[in-house]
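Residue-level listing of the chains:
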Number of protein chains: 4
Amino acid sequence: MTHRIAILGASGYTGAELVRLIATHPGMTITALSADRKAGLTMAEVFPFLRHLDLPRLVKIEEIDFSNIDLCFCALPHATTQEVVAKLPKHLKIVDLSADFRLRDPAEYEKWYGAPHAAVEVQKEAVYGLTEFYRDDIAKARLVAGTGCNAAAGQFALRPLISAGVIDLDEILIDLKAGVSGAGRSLKENLLHAELSGGTHSYSAGGKHRHLGEFDQEFSRLAGRPVRVQFTPHLLPMNRGILVTVYVRGQPQAVHETLARAYVDEPFLKVLPFGQLPSTRDVAGSNFCHLGVIGDRIAGRTLVISVLDNLTKGSSGQAIQNANLMLGLAETTGLMLAPLFP
Amino acid sequence: MTHRIAILGASGYTGAELVRLIATHPGMTITALSADRKAGLTMAEVFPFLRHLDLPRLVKIEEIDFSNIDLCFCALPHATTQEVVAKLPKHLKIVDLSADFRLRDPAEYEKWYGAPHAAVEVQKEAVYGLTEFYRDDIAKARLVAGTGCNAAAGQFALRPLISAGVIDLDEILIDLKAGVSGAGRSLKENLLHAELSGGTHSYSAGGKHRHLGEFDQEFSRLAGRPVRVQFTPHLLPMNRGILVTVYVRGQPQAVHETLARAYVDEPFLKVLPFGQLPSTRDVAGSNFCHLGVIGDRIAGRTLVISVLDNLTKGSSGQAIQNANLMLGLAETTGLMLAPLFP
Amino acid sequence: MTHRIAILGASGYTGAELVRLIATHPGMTITALSADRKAGLTMAEVFPFLRHLDLPRLVKIEEIDFSNIDLCFCALPHATTQEVVAKLPKHLKIVDLSADFRLRDPAEYEKWYGAPHAAVEVQKEAVYGLTEFYRDDIAKARLVAGTGCNAAAGQFALRPLISAGVIDLDEILIDLKAGVSGAGRSLKENLLHAELSGGTHSYSAGGKHRHLGEFDQEFSRLAGRPVRVQFTPHLLPMNRGILVTVYVRGQPQAVHETLARAYVDEPFLKVLPFGQLPSTRDVAGSNFCHLGVIGDRIAGRTLVISVLDNLTKGSSGQAIQNANLMLGLAETTGLMLAPLFP
Amino acid sequence: MTHRIAILGASGYTGAELVRLIATHPGMTITALSADRKAGLTMAEVFPFLRHLDLPRLVKIEEIDFSNIDLCFCALPHATTQEVVAKLPKHLKIVDLSADFRLRDPAEYEKWYGAPHAAVEVQKEAVYGLTEFYRDDIAKARLVAGTGCNAAAGQFALRPLISAGVIDLDEILIDLKAGVSGAGRSLKENLLHAELSGGTHSYSAGGKHRHLGEFDQEFSRLAGRPVRVQFTPHLLPMNRGILVTVYVRGQPQAVHETLARAYVDEPFLKVLPFGQLPSTRDVAGSNFCHLGVIGDRIAGRTLVISVLDNLTKGSSGQAIQNANLMLGLAETTGLMLAPLFP
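Residues numbered from 1 in each chain as written. Chains lettered and ligands numbered in written order. Predicted model: local features only at pLDDT ≥ 70, side-chain atom pairs only at ≥ 80, totals over all residues.

This part takes up the overall build of chain A. When its secondary structure is counted, chain A shows 11 helices and 14 strands. In terms of overall dimensions, chain A is globule-like: its C-alpha atoms have a radius of gyration of 19 Å, near the 20 Å expected for 342 residues. Each principal axis of the C-alpha distribution contributes one length, and for chain A these read about 60 × 45 × 40 Å. Burial analysis of chain A (342 residues in total) assigns 61% to the buried set. For chain A, restricting intrachain contacts to residue pairs at least 6 apart in sequence, the fraction spanning at least 24 positions comes to 69%. (Helix = DSSP H or I, 4+ residues; strand = E, 2+ residues; numbered from the N terminus. Rg over C-alpha atoms; globule rule 2.2 N^0.38 Å. Buried ≥ 20, exposed ≤ 12 C-beta atoms within 10 Å, placed from the backbone. Contact = placed C-beta atoms within 7 Å.)

With that out of the way, let us pick up helix H3 (residues 80-87) of chain C. Residue and element names in this part refer to chain C. Of the positions making up H3, those classed as buried are Thr81, Gln82, Val84 and Val85. For H3, the angular spread of the buried residues around the axis is 165°, confining them to a single face. In this structure, H3 carries Glu83 and Lys87 as exposed residues pointing more than 90 degrees from its buried face. Lining the buried residues of H3 we find strand E1 (3-8), strand E4 (71-74), strand E5 (93-96) and helix H5 (120-125). (Arc of directions from axis to C-beta.)

Here we come to the relation of the copies chain B and chain A. Least-squares fitting of chain B to chain A yields an RMSD of 0.0 Å, with the superposition described by an axial translation of 0.0 Å and a rotation of 180°. Such values leave the two copies arranged in the relation of a two-fold axis. Same-surface contact between copies: 100% of interface residues of chain B are shared with the interface of chain A. (Least-squares fit on C-alpha atoms with pLDDT ≥ 70 in both.)

As a further point, take the packing of helix H6 (residues 131-140) of chain A against helix H11 (residues 312-326) of chain A. All names here are of chain A. The geometry of H6 relative to H11 is characterised by a closest axis approach of 9 Å and an angle of 35° between their N-to-C directions. At the point where H6 passes H11, the crossing takes the right-handed sense. Contact with H6, carried on its side by Thr131, Arg135, Ile138 and Ala139, involves Gln318, Gln321, Asn322, Leu325 and Met326 of H11 and no other residues of that element. When the residues that make up the contact of H6 with H11 are grouped by side-chain class, the tally is 4 nonpolar, 4 polar and 1 charged. (Axes fitted to C-alpha atoms, helices over the stretch in contact; angles between N-to-C directions. Left-handed = near helix turned anticlockwise from the far one by under 90°. Nonpolar A, V, L, I, M, F, W, Y, C, P; charged D, E, K, R; others polar.)

Let's shift gears to the pairing of strand E11 (residues 242-249) of chain A. All names here are of chain A. Burial analysis of E11 places 7 of its 8 residues in the buried class, which makes it a mostly covered element. Note: strand E8 (residues 173-178) against E11, 6 bridges, orientation antiparallel. Residue pairing in the sheet places leucine 173 in a bridge with tyrosine 247 of E11. Alignment of E11 against strand E14 (residues 301-308), held across 8 bridges, turns out to be antiparallel. Within E14, the position partnered with valine 246 by the bridge is valine 304. (Pairing = 2+ DSSP bridges.)

Moving on, we get to the sheet that holds strand E1 (residues 3-8) of chain B. Residue and element names in this part refer to chain B. The 7 strands lie next to each other as E3-E2-E1-E4-E5-E7-E6, forming an open sheet whose pairing is parallel. Of all the strands in the sheet, the pair left with one neighbour each is strand E3 (58-59) and strand E6 (127-128). With 3 bridges connecting them, strand E5 (residues 93-96) and strand E7 (residues 143-145) associate as parallel partners. The residue of E7 that forms the bridge with valine 95 is valine 144. The strands touched by helix H1 (residues 13-22) are E1, strand E2 (28-34) and strand E4 (71-74); relative to E1, the strand with the most contacts, the crossing angle is about 160°.

Let us now look at the nonpolar core. In summary, soluble globular proteins display a tendency toward joint burial of nonpolar side chains. Grouped together as the largest cluster of nonpolar side chains are 447 residues, with contacts concentrated most on Ile7 and Phe73 of chain A, Ile7 of chain B, Ile7 and Phe73 of chain C together with Ile7 and Phe73 of chain D. Aside from chain neighbours lying at most four places away, what touches isoleucine 7 of chain A is Gly15, Leu18, Val19, Ile30, Leu33, Phe73 and Ala75 of chain A. (Core = buried A, V, L, I, M, F, W, Y, C linked by C-beta atoms within 7 Å.)

This part takes up the relation of the copies chain D and chain A. Between the two copies of the chain lies a rotation about an axis combined with a shift along it. Between the two copies, chain D and chain A, the superposition gives an RMSD of 0.0 Å; the rotation angle is 180° and the shift along the axis is 0.0 Å. Mapped onto chain A, 100% of the interface residues of chain D again fall at the interface, so both copies present the same surface.

Residue and element names in this part refer to chain A. Two numbers describe how helix H7 (residues 149-164) lies on helix H10 (residues 252-262): the axes approach to 9 Å, and their chain directions differ by 105°. By the criterion of interaxial angle, the relationship of H7 to H10 is roughly perpendicular. Across the interface between the two elements, Pro160, Leu161 and Ala164 of H7 pack against Val255, Thr258, Leu259 and Ala262 of H10. Looking at side-chain class alone, the contact of H7 with H10 contains 6 nonpolar, 1 polar and no charged residues. (Parallel < 35°, antiparallel > 145°, perpendicular 65-115°, else oblique.)

Let us look at the pairing of strand E10 (residues 230-235) of chain C. Strand residues, when the strand is regular, have side chains that alternate between the two faces of the sheet. All names here are of chain C. With 6 of 6 residues buried, E10 is to be regarded as a mostly interior element. Direction of pairing for strand E8 (residues 173-178) relative to E10: parallel, over a ladder of 6 bridges. Within E10, the position partnered with alanine 178 by the bridge is leucine 235. The pairing of strand E9 (residues 201-202) with E10 spans 2 bridges and is classified as antiparallel. Considered in E10, the bridge of histidine 201 is made with leucine 235.

Of note, the amide linkage connecting phenylalanine 341 of chain A to proline 342 of chain A takes the cis form, showing an omega dihedral of -5°. Mapped onto the elements of the fold, proline 342 of chain A is located in the segment after H11. Despite not being glycine, alanine 79 of chain B shows a phi value in the positive range, around 80°. Along the polypeptide, alanine 79 of chain B turns up in the loop between E4 and helix H3 (80-87).

Quite often, the size of an interface is put as the accessible area lost when its parts meet. Taken residue by residue, the interface counts 28 residues in chain B and 28 residues in chain A. Looking at the side of chain B that touches chain A, the element that brings in the most residues is H1 of chain B, giving 3 residues.

Judged by the 24 C-beta atoms lying within 10 Å of it, proline 342 of chain D is buried. Spatially, the C-alpha atoms of proline 342 of chain D and alanine 284 of chain D are 9.5 Å apart, while their sequence positions differ by 58 residues. With near-sequence residues (within four places) excluded, proline 342 of chain D lies in contact with Ala194 and Glu195 of chain A together with Tyr13, Ser181 and Asn239 of chain C.

A word on the domain arrangement of chain A. Residues and elements named next belong to chain A. Entries for chain A in the domain assignment read domain 1 (3-148 + 313-326) and domain 2 (150-310). Here domain 1 and domain 2 have C-alpha centroids that lie 24 Å from each other. At the junction of the two partners, domain 1 supplies 20 residues and domain 2 supplies 24 residues. Contributions of two or more residues to the side of domain 1 that touches domain 2 are made by helix H4 (106-113), H6 and H11. Broken down by element, the residue count for the side of domain 1 that touches domain 2 peaks at 6 residues, all from H11. Partitioned by chemical class, the residues of the side of domain 1 that touches domain 2 number 7 nonpolar, 8 polar and 5 charged. (Domains from an automatic or database assignment.)

Now the structure itself:
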């Protein structure tokens, strides 16, 4: 049996990544695809790499007959999302890939996104979509809010450590290196090949990146008291991939054992042997996250490095992982594709 | 039911690509993996991107119990290959990815590869592995010789045109642009990131590239008379992908119709609407080949552009396509993975 | 003594390249810089790589006091250019980097650029700016029209061969590979790093690229009869550089000798030993053009490959070379900077 | 008047960068070039991008007549260097680009480089080559030991802060992102384009990178007590450039003012306005270092980001800057070349 799927916002990178993954997913069939400015076009016109697939034409959201749909992925820009989701039929299961329903506290939402939330009642239904930590809630949820790609990479490195109490909560520093697809298909000078390739720079440094809202919410909840991390993102000349270098205070072996134990049965989270460090190249195009731990020469200081593909495990793969649970499918269905290398 | 597979030469890029594709192939199980200098290591040590898979340890070829194997992929260097294949048990089905069994005429082999062929008798058994044109023979073959990646890209553009007689056989020019993974994991200065990225140059120009042996053999056979093309490869700063710009004399519409008709039922060959041209980005990581046709401003001159991923459709994907036929499986089994974009 | 320079259109890549080169030019001082939307900003704000220079602030063209200026580089978009140049004071020497004054025949201009020329009288004054072939005219000119970057690469490979009569004029084919900076700072999806890196595709194929107008004009003039070449550009994932693979009919040695003899005293044009082929990496950031010649295996067919940096020798370096002549300076002044490698 | 220069180790990237810079240097003439395995070749054969220069042929070191030379750049591998330098004539001024003479304490050398120093007496003569901080000593020195590229980037960010006492000396963390040319022309799998492009990973993490020896030596000397920093390098898919993200404890404005004041008269060190952060793209190919400062959301925590080109300011440009002082030339002679962008 197959489930009927709609994707709202199919003309962006996360929308296209959903289509790529569902193309070989045995339990999902794409029934509707929406795009705003590109409504009327075929997917092959917007994304020629999907030319081999038999897909519905792109339409406006209001043209979709949702009575026909089991689950809807929402890959729209933030702010737009909350207005669209609020109007969707209540029978519909929804996995949202935007930032709109990640923060439980409307005041936090307003602080990080600069405007009041327009669908506070809907927000209350939302389950935070970091699958490995919210499985049971996700399986029962109607609306799941996908974790931000950077926020996912950081949380995979840190959550078990915070829960186990093996690190100093006031001395957590996350230095992040991210590929450019996380910025989406936006037309900006600094995203041009001529300007981005061959160099690197920091952005949203100093505590301004919005994914800090997720770190604050989740780490404080886990710790039972406020936790504030340092977080500095850098843009790299690569398309897919996030590497977070997480600096913590704690014993290296204890940190490694805590992570290894926490993830021993996780199909997508792979902790490397102690002292080995991962590369983004080894997870590109896949739903896997690799984690490595090493001690610093200064006693009591430890590095955790985690890598994932921002479009897959950081966004669309994660979304399908959640959708699998919501539809009663095995969590890994359609997601065991190996990374692409070289 | 699953077929038991061995891969000889699993520590190179085409070997790793075979593993990547078989990882989600429902009819194949990897039973043995060989490597020479890296025997004794796990695949995760040689290719960390395959860390999530449960794979046999790398061994020397002579350690493999072939009584246990249904089909063997041979991804060894040329010259070595003919010696190894000559000694493999006769019950074994073999798909060879090297150049060793592509040329039927030993004199041609010696001309292009600079040494006499060491297994001329085995060569006689070999079927040329360009699946779309040798399907029936491949299904019955014990030994299939995979087409070269560049040779495949050029033949997809030209074979139907030669067969249909719509182009001038003495005026065929192939200008090829290739990514670097085709050169394999060789340690050469010009393959270093510092030297290759950001630039392009030609190599094996002027009629020296060995894949010309395949063009000569196949095009002459099709035409029933000698055909000699011009062929100039260029190395590009990208990892996967081949684009061939084929210049022919013939009517653009006739060329387009001939290709479109020839490939109308092909699952992996996609002819674009007349006047549209393909990009290597749209096939990367997949077994698809996209072809486009456009007329030149000079009457009677036409361009055909075809793109494919050298490691997939040009090598390991093609090999699995052939193996599927040899094992009685549907030809597309395990090969409908969508390309990776962006 | 230093000459006072204005640059119109300083916020684009060719404008910035002019500033880069003039920064260490002993005979030029930048007195005025214009930009349209970015007027009011400093160059350091628009191009932080120029932060170390003491430069005038960007202004609107109409704010510039041209009585103060000896020579004006015009790096504006085509169409805009002809309107601006028509209004500039008549005492002013002008080197134009746009396409507006390259084609002598207004009908040809209209054919390739889709609209009638708005300054036909000014056009009559313009000297075509391919320095090595128009030196004397350029030295005396008031207005020089810079050669297109692709047109320059092709002409360096072909002009001496056409003049010497050593090739068949009806069988010239130019397959071009170009980096992305030639497209300028335009915000288009296909120029984004996420879409351009890692792949290649053709554009303006089949005889549609506007630089064909220059080839037609120049080659026909040289030959004394109409010459029409085939020309297919491809976009490559690199920032700077053009490689043209030129396929001709003629004897390889004669072709090589003709080029070597023609350029033996040229400071910027380097003909490699017979059989060696150049790389774009070896000219990046410089005003040099490297040329190589090799014979094909088919007798009587020859390849000429030329490489140059589209922003330097193909545009801003060429412009300064012309300006040097117009100002009575040595032609190489400020232009002997070595390429950047790796 | 021009000074006669020898370059030992001219076939590596730093050797070639020296040639590139000296090509337009008004006070230096290259008189001898050595290479080991490539002796006998011309520079154009080893580095075709230098084809336009009239250079001496590569020879073995023992073939050089040093009586003829004023100053010798030594761009040899470490360990080899100390043996070569010990045998050079004593009249010769030497700028060494290797790691061999950077550490004053032989025990520290042995700790970081794994073997006793073979020329301890020569070491005593060496002046540490971070020009901006050792100018007077360098001007008088016979032997200058160039600072490591990573060590230079970190010290530019930190030295004035340590001297001024505005940061906590026990809480300094340097997260470094480096392009691949720093690894030299070594043939290693992880430096291949196919493996490096499109991804990132850490290396020598946890306090193992040898440039820590320089940080320890210099920061402790400045502070008058032991200082131990954390330092984690990452390899990025780019050729030139280092970005260090330095996390310190101290007031952001005080940090910014301290740096701005320290570097106000420095020709190559540019402190950006408070809150602005630099990009490696803006210094590529140049001798400039850009520095930015921003406060974190956590009070009392500050980020300093500095960028430079590892081959220029981090190595060969720095070496020429030192040589200028040693030869009595203006420090900036030949080094004001603008960066290359895009």
